[in-house]
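# Commentary on secondary and tertiary structure
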Amino acid sequence: MKPEIIHRLQEIVGKDDVLSAREDLATYSYDGTTNWTGTPEVVVLPRTTGQISEIMKLASRHRIAVTPRGAGTNISGGSVPTRGGIVLCTVKMNRVLDINKTNLTAVVEPGVVLQDFNNMLAKENLFYPPDPQSFLGCTMGGTIAENSGGPLCVKYGVTKHYVLGLEVVLPSGYVMKVGGSTVKNRTGYDLVPLFTGSEGTLGVITGITLRLIPRPAARRTLMAIFDDMTLAGAVVSSILGAGIVPAKIEFVDNFVIRRIEEKMKIGLPVDAKTMLLIDVDGSEAAVESEADRILELLKEGGARIARRAKDEAEAALYWKARSAGFAAIYSAARTVIAEDVTVPRDRLSEYIQRLDEISRKSGFPIVLIGHAGDGNIHPSVSTDSTDKEDLERLEDTLTAIFEMALELGGTLSGEHGIGLEKKRLLSRALDPMAIDAMRKIKTIFDPDNIMNPDKIWENA
Ligand SMILES: Cc1cc2nc3c(=O)[nH]c(=O)nc-3n(C[C@H](O)[C@H](O)[C@H](O)COP(=O)(O)OP(=O)(O)OC[C@H]3O[C@@H](n4cnc5c(N)ncnc54)[C@H](O)[C@@H]3O)c2cc1C
């Protein structure tokens with residue numbers, strides 16, 4: 001990168017917030033995936049919207065690629081700077097500007113860490129449900145750009161259901177506001193959900209207004225063990241079919257059960273094929289009766305064990321184990337592709353069965369963990385991307401997984417986005433007219449294709 005560009009960036013944000021040492025650049029060359037890298041030419045850590053506007057004007061003038069970044073925990077290659085250029089990392093914009101208990105809204109900067117936000121809300125007895133399992137590190141900007149979900153989404157919906165308004169710096173440097181702070185807003189086309197889930201390809205999110213809800217009064221955690229994975233899948237459909245929507249229904253397979261036991265010794269049967277973790281929440285009375293009915297359904301559905309967590313401490317242990325699940329999988333192989341194809345919830349059992357067949361046929365171990373309640377169990381394929389032969393077979397295996405999900409009426413991505421990981425498959429999942437419309441929208445906001453290029457689109 002030309003020294004005058006670096007110099008101008010230093011003028012905009014100050015010398016300390018421009019990184020160009022080799023070691024620093026390496027730190028920003030990868031994200032939560034294990035198979036994509038790209039080294040930026042410079043990293044900037046702005047603190048204000050005005051600074052971001054100046055950075056974007058500079059980048060536009062010189063046609064420099066800009067990759068927005070929060071904590072870099074995404075698992076689709078979204079924050080990997082494939083064309084070098086500038087990584088624009090928002091972690092220093094980390095203020096919660098307002099929590100309004102009457103309006104049930106909050107205004108946050110993009111670099112606020114989700115868990116810090118949740119801790120602040122808990123003190124006010126308020127609740128923001130979207131809970132990607134990277135919550136300890138991921139930023140609000142990253143979760144908006146990825147439209148993140150998590151265990152609670154089965155009952156409460158995903159990030160886009162909570163975003164009321166956004167401030168976005170467009171590639172030209174223009175600061176645009178969309179939406180507002182009202183729960184209802186029917187003023188023209190709704191651009192808020194367009195930017196929510198746009199994966200950093202349309203502009204930099206610099207201000208976020210969120211809808212909050214009151215904290216549920218009571219919560220119970222249930223745990224069930226199955227000796228047959230497909231039975232566990234079928235039970236999820238029968239719980240939902242019985243008209244009960246638990247707050248969470250998570251699926252953990254034998255591999256993860258064994259890893260949890262190795263690390264935490266909480267007494268799980270290591271021979272069990274599947275564990276379901278279920279939370280119900282709401283009023284004390286409703287929680288009790290729903291928990292009773294779910295336990296009945298679990299037993300009728302073939303659970304070897306089905307019971308309540310004995311207390312808050314045991315419940316917390318189960319959920320801690322669940323959120324450590326991905327770490328357990330990632331540490332078990334050199335390369336892990338954490339897939340997130342999603343199927344309609346009444347096809348779960350078939351989905352699990354077909355994944356088992358794909359694993360046997362390909363020889364690749366496929367670990368299953370994730371959000372059974374919304375048909376979004378993550379099949380995680382373990383391999384070694386330095387082995388060329390493995391890599392070719394891996395591509396075929398992933399294609400088989402995508403094709404199977406689409407055949408079952410599912411979708412390419414439930415929550416991780418397209419990024420670099422799935423762009424070769426986009427045309428199989430979307431109507432060509434829809435892809436054309438999306439590309440035209442990209443050109444309106446980003447005519448020079450400097451905003452996170454190479455993501456979502458092939459040959460972009
Ligand atoms: C262990 C683990 C568990 C996970 N569990 C879940 C889960 O349960 N559910 C789920 O949905 N996801 C999950 N994820 C992935 C999830 O999408 C991310 O963790 C999170 O949403 C990304 O936040 P981040 O701050 O790390 O963003 P990054 O990874 O830095 O960026 C993500 C994308 O957003 C863009 N971006 C970042 N900030 C901005 C901004 N201010 N403006 C515009 N674009 C921006 C980037 O360019 C990139 O395309 C998990 C990841 C890990 C590693």
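Before any of the text, the structure's been laid out above.
A short tour of the structure in this document, coming up. (Residues numbered from 1 in each chain as written. Predicted model: local features only at pLDDT ≥ 70, side-chain atom pairs only at ≥ 80, totals over all residues. Heavy atoms only, no water.)

### Structural notes on the pairing of strand S6 (residues 105–108)
For strand S5 (residues 96–100) and S6, the ladder comprises four bridges, and the chain directions are antiparallel. Looking at the pairing, Asp 98 lines up with Val 107 of S6. Hairpin connection between S5 and S6: a loop of four residues separates the two successive antiparallel strands, and Leu 104 in this loop has a positive phi of roughly 55°. Where S6 and strand S10 (residues 204–211) come together, four bridges link them in antiparallel fashion. Along S10, the bridge assignment pairs Thr 105 with Arg 211. (Pairing = 2+ DSSP bridges. Helix = DSSP H or I, 4+ residues; strand = E, 2+ residues; numbered from the N terminus.)

### What about the sheet that holds strand S4 (residues 86–89)?
Overall, mixed pairing links the four strands, which are arranged S1-S2-S4-S3 in an open sheet. Every other strand in the sheet has two partners, leaving strand S1 (18–19) and strand S3 (66–69) as the edge strands with one partner each. When S3 meets S4, the two strands line up parallel, connected through four bridges. Opposite Val 66, over in S4, you have Ile 86 as the bridge partner. Relative to S4, helix H3 (residues 49–62) is tilted by about 165°, and along the sheet it contacts strand S2 (42–44), S3 and S4. (Contact = heavy atoms within 4.5 Å. Axes fitted to C-alpha atoms, helices over the stretch in contact; angles between N-to-C directions.)

### Here's the deal with the environment of Thr 143
For Thr 143, the position within the fold is in helix H5 (residues 140–146). On the basis of relative accessibility, which here comes to 3%, the residue Thr 143 falls in the buried class. Expressed as a C-alpha distance, the spacing of Thr 143 and Ala 437, which sit 294 residues apart in the sequence, is 24 Å. (Buried < 20%, exposed > 50% of the residue type's maximum accessible area, 1.4 Å probe, protein only.)

### Details of the site of the ligand
In the region of the ligand, 35 residues are neighbours, and Pro 68, Thr 73, Ser 134, Thr 139 and Ser 148 sit closest. Here Thr 139 contributes a side-chain N or O atom positioned 2.7 Å from an oxygen atom of the ligand. The fraction of the free accessible surface of the ligand (980 Å²) that becomes covered by protein chains is 95%. Elements represented by at least two residues in the shell around the ligand include exactly S3, H5 and S10. For the shell around the ligand, the element with the highest residue contribution is H5, accounting for five residues. Its residues placed into classes, the shell around the ligand shows ten nonpolar, 21 polar and four charged. (Near = heavy atom within 4 Å. Polar contact = N/O pair within 3.5 Å; in protein donor to acceptor, adjacent residues only side chain to side chain. Areas by Shrake-Rupley, 256 points an atom, 1.4 Å probe, with all protein chains shown as cover. Nonpolar A, V, L, I, M, F, W, Y, C, P; charged D, E, K, R; others polar.)

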